[in-house]
Every structure is written in C-alpha cells, then in structure tokens.
Amino acid sequence: KLRDQRSEHADMTPGTAGASGPFESHALTDSGEPCCPERRIHDGQFKAALPGKLIRNEGDPPTGDDDVDRAYDGAGDVFSLFAEEYGRNSLDGSGMPLVATVRHRRNYNNAFWNGTQMAYGTGDGEVFRTFLELSVIGHEMTHGVIQHSGGLIYENQSGALNESIADVFGSLALQRRLGQQVHEADWLVGRGILGPGVNGAALRSMKAPGTAYADDLLGKDPQPWHMDHFVTTTDDNGGVHINSGIPNHAFYLFCNYIGGRAWELPGRIWYRALQRLNNPMATFTDWADQTLAAASELSGSGSSETLLLRRAWKLVGIGI
Ligand code: ASN
Ligand code: ZN
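Remember, predicted model here, so these are calculated numbers, not experimental data.

Peer 1: For the sheet that holds strand β1 (residues 39-43), give the residues involved together with the corresponding values.
Peer 2: Across the sheet, 5 strands lie side by side as β2-β1-β3-β5-β4; this open sheet has mixed pairing. Looking at which strands have only one partner, the edges of the open sheet turn out to be β2 (53-57) and β4 (111-113). Going from strand to strand, the sheet's axes swing by 20° on average, the running direction of each strand aside. Relative to strand β5 (residues 118-120), strand β3 (residues 98-102) is paired through 3 bridges, and the arrangement is parallel. Paired with Thr101 across the strands is Ala119, a residue of β5.

Peer 1: Which residues make up helix α2 (residues 66-86), and what are the values?
Peer 2: An α-helix turns once per 3.6 residues; consequently, residues spaced three or four apart project the same way. In a regular helix each residue adds 1.5 Å, so 21 residues correspond to 30 Å; α2 covers 29 Å between its end C-alpha atoms and thus fits that length. Three or more residues of α2 are buried, namely Asp67, Val68, Ala71, Tyr72, Gly74, Ala75, Val78, Phe79, Leu81, Phe82, Ala83 and Tyr86. One or two steps after α2, the chain reaches Gly87, where phi turns positive at roughly 70°.

Peer 1: Lay out the domain arrangement of the protein in plain terms, naming residues and giving numbers.
Peer 2: Many structure descriptions define interface size as the accessible area lost when the parts assemble. For the protein, the assigned domains are domain 1 (2-147) and domain 2 (184-315). Listed as interface residues are 22 residues of domain 1 and, on the opposing side, 22 residues of domain 2. Elements with a minimum of two residues in the side of domain 1 that touches domain 2: α1 (2-8), α2 and α3 (134-147). Classifying every residue of the side of domain 1 that touches domain 2 by side-chain character gives 9 nonpolar, 7 polar and 6 charged.

Peer 1: Break down the nonpolar core for me, with residues and values.
Peer 2: Residues Ala71, Ala75, Ala100, Tyr120 and Ala250 are the most contacted members of the largest nonpolar core, which totals 85 residues. The element best represented in this core is α2, accounting for 10 residues. Mapped onto the domain boundaries, this core takes at least three residues apiece from domain 1 (2-147) and domain 2 (184-315). With residues near it in sequence (within four places) discarded, Ala75 still touches Pro37, Arg39, Leu98, Ala100, Ile137 and Met141.

Cut-offs and rules
Residues numbered from 1 in each chain as written. Chains lettered and ligands numbered in written order. Predicted model: local features only at pLDDT ≥ 70, side-chain atom pairs only at ≥ 80, totals over all residues. Pairing = 2+ DSSP bridges. Helix = DSSP H or I, 4+ residues; strand = E, 2+ residues; numbered from the N terminus. Axes fitted to C-alpha atoms, helices over the stretch in contact; angles between N-to-C directions. Expected span 1.5 Å × (residues − 1). Buried ≥ 20, exposed ≤ 12 C-beta atoms within 10 Å, placed from the backbone. Domains from an automatic or database assignment. Contact = placed C-beta atoms within 7 Å. Nonpolar A, V, L, I, M, F, W, Y, C, P; charged D, E, K, R; others polar. Core = buried A, V, L, I, M, F, W, Y, C linked by C-beta atoms within 7 Å.

Listed below in structure tokens is the structure:
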C-alpha cells in the first residue's frame, strides 16, 4: 500500500537542512538571469542503489529510452519554470545539478526526492503504471526547492504545506508546458499514472480534492478541501498527503478568481511566500499570512488580488 511504503522508508522524507538565497547563481546569462540546467539521468536498473548508471547527461541527444527521456525533459521544464518565472537557478538557487534515477527498485509504487536527487519507480503495473509525468516530476523537484528555502518539517500541518507547495509547482510546470489558462487546466496531479487496478484519473485533484480516485486497491481519495474536514491521524506523517488538499484548494480557488495564467501572479505569490516564510514548523495559518503578505508586496495591500486571496483562504476555513 502506498501510504505504508511512504512511512516505512526514511529516504522518502524530504530533508529540511540547508538554505540559500534565490539569486546566488553559477550558470548565468549575460543579463544575470539563471541559464541552464545540468541534468543527469540515471538508470536504477530496478535496484535500490542510487543514483545507478548514468544514461543521459546535459546536452546529450534523446536516448530512445522513454523513461530517461521523460525524466530529462520534465527536469528541463521544471528548471525553466523556476528560472524564467521566479529567477531561481535550480533547486538550491545556485545551479545544482538535477540528478534523477528512473526504474528505481522493482514494482516500486512511488517517486521521491531524497534530499539530493529525484528517484522514480516504474510502478507495479496494477496500482501505478509510471511516475514520469510532469506534475509528479515538478512535485518531487519542488521538495528540493522547499528544502533549500528554509524547509518545512515533513509532518502534520508543516508537512501538508510541504506537500501542497510541491503539488502547486508541479501543476504549474504542467500548465505552463501546455500553455493553459487557469480555466483550461484540469488541476490534476499525476494524471494518467494510475494503473488498471485503480478507478481514477489521477493521484490528486486540486480543483476537487477527495475525488481523484475511488477504488478497492487504493481506497477512496482521502483529501479534504476545508478545515472542517481536516484529518487528524498518525498515518502518512500526520496526513501530509491528505490535508494538503486544503491549501491546494485555496491555491486553485485564488487562481480561479483572478484567471489568466496560474504560474504568473499566483505562482509568483506562492514562490515569494516560500522565500519569506522562515519557519519550518509553519501552520496553514502562518502560510496563508505569508501568501497574503507576498500578494500585498506584488499587487498592493488593497488590491483586488489580495482581497481575492483572502477570500480563497476563508473559503477553505482559514482566516477571518
Ligand atoms: N511521492 C511521495 C512524495 O513526494 C514520496 C513521499 O512520501 N515523500 O510526497
Ligand atoms: Zn511529496
């Protein structure tokens, strides 16, 4: 089962150590912007050792190995989201290489950031069929960004925020690749990755948390979208993949209220809030406050955008 695997393996818990500013860079263009990713994609050969065998280096042509090429292209899209939209040079803000391993272990039903690199299972072909989908790649890589932005402890509310922020930028990477407006996006995380044994479209839905799947194998999608249904549990590090539905839905609502392209103003606000947040133990309320402060800085404290953000948080039961 997915949740058991998550709690069994310490290597799946994103770390919280280390922080560096977003504007320290190695690879810069002449105009001072972050430039180029340094991707290194490995074959795990169905074994547990990381990183495995190096298959595709930065600048190498496509290999014809679908897993490798999808990991490479996805890492490029996520690098470009953070670099071009938010001025961040890689996950650590300083141009760190994007190291990934595909075919990690056998029948492995998960993907993760281990504090240093991304790793993707192939799935068992029944519950999951792949993890190489852009919103998932973006999700895992965002755990790296969070780690290098002061971190969010991976349990309870701070852990659910860690999960939610990973979903937000994962979804934004996908929406940006597809050139979608807010209203065109499906707001699904992990669309198409579920196997034939599961009845569902995706792993999570930001638009309608709790409705992504309903099945015997995985159970029903457990995510709430309102604080009234916040789940108190010791499973899943205190429900980090469950309660993330609440801040996910607040982000979705905000984007929906203002329209346009979600990776622009909403993404900038979420990114700035992450850089402002200096609290690895932050609660949902702390995070909402930081997003409102970021919105005030970017749009003005009395702006309609800031007002609509406050409304979005209120609708999910956070704030007055
Ligand atoms: N795929 C999971 C995630 O990135 C692995 C984990 O539980 N950390 O959230
Ligand atoms: Zn995660």
